[in-house]
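Now for the letters of each chain:
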Amino acid sequence: MPKIDEMLCEFNTYYRLGDGNMDQTHIEFLQLCQEATGESGDQFAASLNKLFEHTQQHFSVEEQRMIETAFPSYAEHRADHQRTLGELERFARRATAGKTAMARIWLNEGLPGWFDLHAKTMDSALAAHLKGTEVGQR
Ligand SMILES: [Fe+2]
Ligand SMILES: [Fe+2]
């Protein structure tokens, strides 16, 4: 199972996609995950809410770029985003209400596994597609 610390250390080897915008956003995503794992109580809830807001923006930028470049797997990619964003919202809300145990397990075990797969498959395919389209270059 991938660990957030190792994913950040190994970012260039396993997760760098060669698209400046996506790479920067993904590093920030992993840093926010890492930050959240080190917090407890109200600070834990606050950092999950910060991660939720960042992820909302992260996904919306990718989806906008898919629309602009007529990315063929848009619907599938967006559905995967929505599933994860829904989970993140639910766990952030629970943590805000003081229920942190499940959120913590998900943050340490569920979310890194999701990112590992999503980055290596869907985001990697999107980055390759953007490289092949002029409007995709930013
Ligand atoms: Fe992404
Ligand atoms: Fe994505």
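Everything below is about the structure shown above.
To keep things clear, this report deals only with the structure shown in the data block. Predicted model, so just to flag it, every value in this text is computed and none were measured.

**Describing the nonpolar core**
Phe29, Leu48, Leu51, Leu107, Leu111 and Phe115 are the most contacted members of the largest nonpolar core, which totals 29 residues. Elements that contribute at least two residues to this core include exactly helix 1 (4-9), helix 2 (11-15), helix 3 (20-37), helix 4 (41-68), helix 5 (74-96) and helix 6 (101-131). Looking at which element gives the most residues to this core, the answer is helix 6, with seven residues. If sequence neighbours within four positions are ignored, Phe115 has contacts with Met7, Tyr15, His26, Phe29 and Leu30. With seven residues, the next largest nonpolar core counts Leu17, Met22, Met66 and Leu130 among its residues.

**Focus: the packing of helix 3 against helix 4**
Where helix 3 meets helix 4, the closest approach of the two axes is 9 Å, and the angle between their N-to-C directions is 165 degrees. Here helix 3 is positioned roughly antiparallel relative to helix 4, judged by the angle of their axes. Crossing of helix 3 over helix 4 shows left-handed handedness. Together, Asn21, Met22, Thr25, His26, Glu28, Phe29, Leu32, Cys33, Glu35 and Ala36 of helix 3 and Phe44, Ser47, Lys50, Leu51, His54, Thr55, His58, Val61, Glu62 and Arg65 of helix 4 make up the contact between the two elements. Its residues assigned to classes, the contact of helix 3 with helix 4 shows eight nonpolar, seven polar and five charged.

**Some points on the coordination of the iron ion (ligand 2)**
Surrounding the iron ion (ligand 2) are the protein donor atoms Glu62 (OE), His77 (NE2), His81 (NE2), His118 (NE2) and Asp123 (OD), which sit 2.1 to 2.2 Å from the metal. One chain supplies every donor to the iron ion (ligand 2), and in sequence these donors are spaced E-x14-H-x3-H-x36-H-x4-D. A separation of 3.5 Å is found between the iron ion (ligand 2) and the iron ion (ligand 1), both of which receive a donor from Glu62. Separated by 41 residues along the polypeptide, His77 in helix 5 and His118 in helix 6 bring together distant segments of the chain. Here the two residues His77 and His118 agree in accessibility, since each one is buried.

Cut-offs applied
Residues numbered from 1 in each chain as written. Chains lettered and ligands numbered in written order. Predicted model: local features only at pLDDT ≥ 70, side-chain atom pairs only at ≥ 80, totals over all residues. Heavy atoms only, no water. Core = buried A, V, L, I, M, F, W, Y, C linked by side-chain atoms within 4.5 Å. Buried < 20%, exposed > 50% of the residue type's maximum accessible area, 1.4 Å probe, protein only. Helix = DSSP H or I, 4+ residues; strand = E, 2+ residues; numbered from the N terminus. Contact = heavy atoms within 4.5 Å. Axes fitted to C-alpha atoms, helices over the stretch in contact; angles between N-to-C directions. Parallel < 35°, antiparallel > 145°, perpendicular 65-115°, else oblique. Left-handed = near helix turned anticlockwise from the far one by under 90°. Nonpolar A, V, L, I, M, F, W, Y, C, P; charged D, E, K, R; others polar. Donors = N, O, S within 2.8 Å, 3.2 Å for Na, K, Ca; no water.

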